[in-house]
Amino acid sequence: MNDLQGRIALVTGAGRGIGAATARALAAEGARVIVTDLEAPQALADELGGLALAQDVTHEPGWIETIDFARSRAGGLDILVNNAGLFLMKPVTQTTLEDWRRLQAVNVEGVFLGAKHAIPLLAERAGRWRGGASIINLSSIAGLVGSAGTSAYNASKGAVRLLTKSLAMEFAALNVRVNSVHPGVIETDMGREVLSGVSAATGAGDNEARTAIAQRHPLGHLGEVSNIADAITFLASDRAAFMTGSEVVVDGGFTAN
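Residues numbered from 1 in each chain as written. Predicted model: local features only at pLDDT ≥ 70, side-chain atom pairs only at ≥ 80, totals over all residues. Heavy atoms only, no water.

1. Notes on the overall build of the protein
Here is step 1: When you go through the protein residue by residue, the secondary structure sums to eight helices and seven strands.
Here is step 2: Here the protein has a C-alpha radius of gyration of 18 Å; the compact-globule value for 257 residues is 18 Å, and the two agree.
Here is step 3: Expressed along its principal axes, the backbone C-alpha trace of the protein runs to roughly 55 × 40 × 35 Å.
Here is step 4: Within the span of the protein, comprising 257 residues, buried residues form 53% of the whole.
Here is step 5: A fraction of 71% describes how many contacts in the protein between residues 6 or more apart in sequence connect residues 24 or more apart.
Here is step 6: Summed over its atoms, the accessible surface of the protein is roughly 11400 Å², and 53% of this surface lies on carbon and sulfur atoms.
Here is step 7: Positive and negative side-chain charges in the protein, numbering 21 and 26 respectively, have mean positions lying 5 Å apart. (Helix = DSSP H or I, 4+ residues; strand = E, 2+ residues; numbered from the N terminus. Rg over C-alpha atoms; globule rule 2.2 N^0.38 Å. Buried < 20%, exposed > 50% of the residue type's maximum accessible area, 1.4 Å probe, protein only. Contact = heavy atoms within 4.5 Å. Areas by Shrake-Rupley, 256 points an atom, 1.4 Å probe, with all protein chains shown as cover. Lys, Arg positive; Asp, Glu negative; His and termini not counted. Charge placed at Lys NZ, Arg CZ, Asp CG, Glu CD.)

This is the structure we're talking about:
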């Protein structure tokens, strides 16, 4: 449909999973995509005709470098997808302070730093588009409901949810929309971490754990990366021009229970 023709998008954590699928979906809609990860996803950038950069989202000087890269190499920025994230499944009593801080650094501080440093560049070009510029932050169903054994992860994704709403209020005057996406359990490496954690915590076999988690989603199966990428692409486009501070839940009905 080329809904994003002429726009420049940055996707963090794009080396695999939802990030890579999102980069492909944005490019398919016409965007020029910059993909970042701890190791530059150069093969993906080559596939999409985009640009790649190594980036640690917890490192503020690295964010400054990334935004400068977007300005000098791509000509600006219209869409920021804060996708990079970590998962942890441990009881609170076994979670170290180092575990906690690492999760908050990647999942929350990475989003904060991205928004902080990208907003001037996003605002520069926002007037070109009916729906302005767009920031999409990856939260989770774990940012909406609690669960045993994932307190640190829940806390981080809940923080992303409310940070998104505050940023939406702050950036509205700049014509920059900010929304969060809340996936259920998705067929990714992180999704498999969830299944492995459930298997270890319950003593269930891998197949039994997969069946149990799938049945927690009323649609009866896990999600695909394309389900999330499609939602992100929609939020990035002018079709979502009147959406900011919203929570887009893509969870097969998990949180409807």
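2. Brief notes about the confidence of the model for the protein
Here is step 1: On average, the protein scores 96 in pLDDT, and the residues at 70 or more come to 100%.
Here is step 2: The least confident element of the protein is helix 6 (residues 189–202), whose mean pLDDT is 86; the most confident is strand 4 (residues 79–82), at 99. (pLDDT = per-residue confidence, 0-100.)

3. Points about empty space enclosed by the protein
Here is step 1: Applying the stated criterion across every chain, the model contains one cavity of 30 Å³ or more.
Here is step 2: Taken as a whole, the largest cavity spans an internal volume of roughly 30 Å³.
Here is step 3: Thr12, Val57, Trp63, Asn82, Asn83, Ala84, Val106, Gly110 and Val111 are the residues that line the largest cavity.
Here is step 4: The dominant element in the lining of the largest cavity, judged by the number of residues it contributes, is helix 4 (residues 97–125), at three residues.
Here is step 5: The residue inventory of the lining of the largest cavity, partitioned by class, reads five nonpolar, four polar and no charged. (1 Å grid on protein atoms, 1.4 Å probe; cavity = no way out; pocket = protein on both sides within 12 Å on 5 of 7 lines; lining within 4 Å. Points joined across faces, edges and corners; volume = space filled by probe spheres on them. Nonpolar A, V, L, I, M, F, W, Y, C, P; charged D, E, K, R; others polar.)

4. Here's the deal with unusual backbone geometry
Here is step 1: The residue asparagine 175 is not glycine, and still its phi comes out positive at about 65°.
Here is step 2: By relative accessible area, which is 32% here, asparagine 175 ends up partly exposed.

5. Some points on the nonpolar core
Here is step 1: Counting 29 residues, the largest nonpolar core has Ile34, Leu77, Leu122, Ile135, Phe171 and Val176 as its most contacted members.
Here is step 2: Elements represented by at least two residues in this core include exactly strand 1 (8–11), strand 3 (51–54), helix 3 (60–74), helix 4, strand 5 (133–138), helix 5 (151–171) and strand 6 (176–183).
Here is step 3: In terms of residues, this core owes the most to one element, helix 4, which gives seven residues.
Here is step 4: Among the nonpolar cores identified, the runner-up in size contains 27 residues, and Val11, Ala31, Ala45 and Ala240 belong to it. (Core = buried A, V, L, I, M, F, W, Y, C linked by side-chain atoms within 4.5 Å.)

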